[in-house]
Amino acid sequence: MTTPTTPRLAIHYCTGCRWLMRAAWTAQELLTTFEAELGEVALIPGSGGIFQVWADDTLLWDRKRDGGFPELRELKQRVRDAVAPDKALGHSDRPAS
């Protein structure tokens, strides 16, 4: 069970583009990396080529704004910076901004 202060990630993906598997894989990777820091990762179907990753009310990645799908390394860094700035990411790490 999550607490009110536990971050929630939401991955909005385009069903018409068939991006469910990409969204599910991304969710799996983020839940594995941030298992103690996240309360949940929700998959939210949409349309119009959407692929966005949100941490609560903060947009971390937008396929249209950021020029395509995220490299997992960069997405993990953005999630870390938003929800667990002191967490080390091992080989995917760079100093938190």
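All of the points below concern the structure found in this document.

Reading guide: rules and limits
Residues numbered from 1 in each chain as written. Predicted model: local features only at pLDDT ≥ 70, side-chain atom pairs only at ≥ 80, totals over all residues. Heavy atoms only, no water. Helix = DSSP H or I, 4+ residues; strand = E, 2+ residues; numbered from the N terminus. Expected span 1.5 Å × (residues − 1). Buried < 20%, exposed > 50% of the residue type's maximum accessible area, 1.4 Å probe, protein only. Core = buried A, V, L, I, M, F, W, Y, C linked by side-chain atoms within 4.5 Å. Pairing = 2+ DSSP bridges. Axes fitted to C-alpha atoms, helices over the stretch in contact; angles between N-to-C directions. Contact = heavy atoms within 4.5 Å. Right-handed = clockwise from strand over helix to strand, strands pointing away.

### A few points about helix 3 (residues 72-83)
In this model helix 3 runs 16 Å from its N-terminal to its C-terminal C-alpha over 12 residues, within 8% of the 16 Å that 1.5 Å per residue would give. Among the residues of helix 3, Leu-72, Leu-75, Lys-76, Gln-77, Val-79, Arg-80 and Val-83 are the ones counted as buried.

### Focus: the nonpolar core
Core analysis: the biggest nonpolar cluster contains 21 residues, and Leu-9, Ile-11, Phe-34, Phe-51, Val-79 and Val-83 have the highest contact counts within it. When residues of this core are traced back to their parent elements, those giving at least two are strand 1 (8-14), helix 1 (20-33), strand 3 (51-55), strand 4 (58-62) and helix 3. Considering every element that reaches this core, the biggest residue donor is strand 1, with four residues.

### Regarding the sheet that holds strand 4
Strand order in this open sheet of four strands is 2-1-3-4, and the pairing throughout is mixed. Each edge of the sheet is formed by a strand with only one pairing partner; in this case those strands are strand 2 (40-46) and strand 4. Taken pair by pair, the neighbouring strands of this sheet meet at an average axis angle of 20°, ignoring direction. Along the sheet face, helix 3 touches strand 1, strand 3 and strand 4 and points at about 175° away from the line of strand 4.

### Regarding the pairing of strand 2
Of the strand pairs in this sheet, strand 1 and strand 2 are connected by seven bridges, and their pairing is parallel. Paired with Ile-11 across the two strands is Leu-43, which belongs to strand 2. For the crossover from strand 1 across helix 1 to strand 2, the handedness is right-handed.

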